[in-house]
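So the chains spell out like this:
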Amino acid sequence: MSTARLTVFDTTLRDGEQAPGFSMRVDEKLKLARQLAALGVDVLEAGFPIASEADAEAVRMIAARVQGPVIAALARCNPADIDRAGWALVPAARRRIHVFIATSDLHLERKLRMSREACLNAAVAAIHHARRYTGDVQFSAEDATRSDMDFLCRVVEEVISAGCTTVNLPDTVGYSTPDEIATFFRTIMTRVSNARHAIFSTHCHDDLGLAVANTLAAVSAGARQVECTINGIGERAGNAALEEIVMVTRVRPDRLAFETRVDTRQIYPSSQLLTSLTGEGVQSNKAIVGRNAFAHEAGIHQDGMLKDRRTYEIMRPEEVGVTQATLVLGKHSGRHAVQRRCEQVGLSLSERHELDAVYRAVIAHADREKVVTDADLVAIVARVRGTESKSVFVMPSMPDFASTPAETGYGHGV
């Protein structure tokens with residue numbers, strides 16, 4: 001199976017930063033932009049220059065100081081926006097102006113108070129204007145997936161004829177399903193006579209939790225640019241998560257034979273930097289970068305991991321920049337995991353009855369406190385040893401590891 005190349009268009013600093021709680025100062029945006037360059041994104045959308053003086057300054061600073069990616073700036077389809085974006089991008093070695101206008105009747109009638117013809121004319125004029133600054137011009141049809149198909153095909157054909165090099169068809173409100181998105185892209189790329197002269201891009205929002213699935217469906221249907229953000233941040237429920245899209249192509253090349261230039265070892269550091277700059281944490285069960293993505297508490301899972309990590313991990317944590325998988329001690333943990341953790345903190349439990357006693361104490365502690373920290377474990381071992389030294393009785397043995405319910409699959413470990 002041949003492998004196709006995907007262009008990764010990162011919009012963390014534009015669409016992501018627009019989300020409540022994720023606003024960043026100019027110096028913070030520059031710091032994150034440098035990390036995104038290290039990550040290996042192809043296009044870095046640095047901001048929306050007309051929105052504010054700070055946004056314009058950030059785009060211009062990133063354009064001047066960040067090497068590697070194409071630096072993009074967003075503009076509405078009007079001359080003032082495009083001129084501001086063009087000014088901000090002057091220092092960039094490679095630059096892109098990204099113009100957009102809504103094409104759905106809902107947006108045209110209720111938001112823009114504009115006819116279809118006026119929309120089409122504005123889109124074409126914007127492409128011509130943007131090409132005064134750069135030959136790399138992207139057009140986005142806002143709310144594309146809810147637009148009239150005949151009108152949308154007409155707009156796409158006209159903007160490509162005007163010199164647009166990338167056509168983005170966003171699922172702006174996360175309304176579509178994967179089968180719809182695939183049919184949508186195939187239909188447009190078939191019906192638009194000059195479609196081969198542009199790269200088609202997908203930009204999906206996560207309002208129904210389908211952003212990544214929709215993105216991959218669009219790619220399977222012919223889109224070759226994916227628009228995404230670190231940690232999936234963005235308006236409302238967010239955008240398609242860069243880390244999820246990239247790692248799907250790495251883990252399942254048999255189903256999605258696409259490659260990117262992303263250095264996956266920089267995924268977790270990028271996620272952590274974004275969290276540090278914004279103060280907005282990642283949900284613990286978030287795929288790829290969440291605290292629990294490579295953490296295992298259930299006894300049967302821990303047993304499998306200790307024997308062969310492939311039993312419960314489909315990717316190595318080191319691949320995404322995580323140091324190692326974590327065996328979390330909790331009420332579902334097994335004896336082998338307790339013993340391994342004791343060894344890792346320098347505690348040798350050589351006697352079987354001592355391990356049994358520590359294991360029981362760990363489970364009792366976890367029932368009260370939910371998790372057992374390394375400090376808790378050290379204290380438990382000390383307490384067990386102190387208690388045993390005063391007793392003439394030997395604590396009865398626990399059952400063999402394989403018969404412990406949490407580790408056989410018959411209890412609360414699966």
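Look up a bit, the structure's there.
Residues numbered from 1 in each chain as written. Predicted model: local features only at pLDDT ≥ 70, side-chain atom pairs only at ≥ 80, totals over all residues. Heavy atoms only, no water.

**Observations regarding the pairing of strand S2 (residues 7-10)**
Side chains Thr7 and Phe9 of S2 all project onto a buried face; the interleaved residues Val8 and Asp10 project onto the opposite face, where all are buried too. By the bridge criterion, 4 bridges tie S2 to strand S9 (residues 225-228) in an arrangement that is parallel. Along S9, the bridge assignment pairs Thr7 with Gln225. Across 2 bridges, S2 lies against strand S3 (residues 43-47) in parallel orientation. Along S3, the bridge assignment pairs Phe9 with Val43. (Buried < 20%, exposed > 50% of the residue type's maximum accessible area, 1.4 Å probe, protein only. Helix = DSSP H or I, 4+ residues; strand = E, 2+ residues; numbered from the N terminus. Pairing = 2+ DSSP bridges.)

**Some thoughts on the nonpolar core**
The biggest cluster of nonpolar side chains holds 94 residues, and the ones touching the most others in it are Leu44, Val99, Phe139, Val167, Leu169, Phe185 and Phe200. Broken down by element, the residue count for this core peaks at 8 residues, all from helix H6 (residues 116-130). Residue contacts for Val99: discarding those within four places in its chain leaves Ala75, Cys77, Ile82, Ala126, Ile127, Ala130, Gln138, Phe139 and Ser140. Core analysis: the second largest hydrophobic core is formed by 19 residues, Leu329, Val362, Val372 and Val381 among them. (Core = buried A, V, L, I, M, F, W, Y, C linked by side-chain atoms within 4.5 Å. Contact = heavy atoms within 4.5 Å.)

**Looking at the pattern of salt bridges**
Overall, the coordinates contain 26 salt bridges when judged by the stated rule. The salt bridge involving Glu142 is made with Lys111; its shortest N-O contact spans 3.0 Å. Of this pair, Glu142 sits in strand S6 (residues 137-142) while Lys111 sits in helix H5 (residues 105-112), placing them 31 residues apart in sequence. Since its relative accessible area comes to 18%, Glu142 is described here as buried. Taking the shortest distance from any N to any O, the salt bridge between Asp254 and Arg252 comes out at 2.8 Å. Taking the relative accessible area as the measure of exposure, Asp254 reaches 44% and is therefore partly exposed. Taking the relative accessible area as the measure of exposure, Arg252 reaches 39% and is therefore partly exposed. Members of the salt-bridge network, linked through shared partners, are Arg14, Asp15 and Glu45. (Salt bridge = Lys/Arg side-chain N within 4 Å of Asp/Glu carboxyl O.)

**A closer look at H6**
With 15 residues, H6 extends 21 Å between its outermost C-alpha atoms, agreeing within 8% with the 21 Å of an ideal straight helix rising 1.5 Å per residue. When H6 is considered as a whole, its buried residues turn out to be Cys119, Leu120, Ala122, Ala123, Val124, Ala126, Ile127, His129 and Ala130. On its buried side, H6 packs onto helix H4 (79-89), strand S5 (95-102), H5, S6 and helix H7 (149-161). (Expected span 1.5 Å × (residues − 1).)

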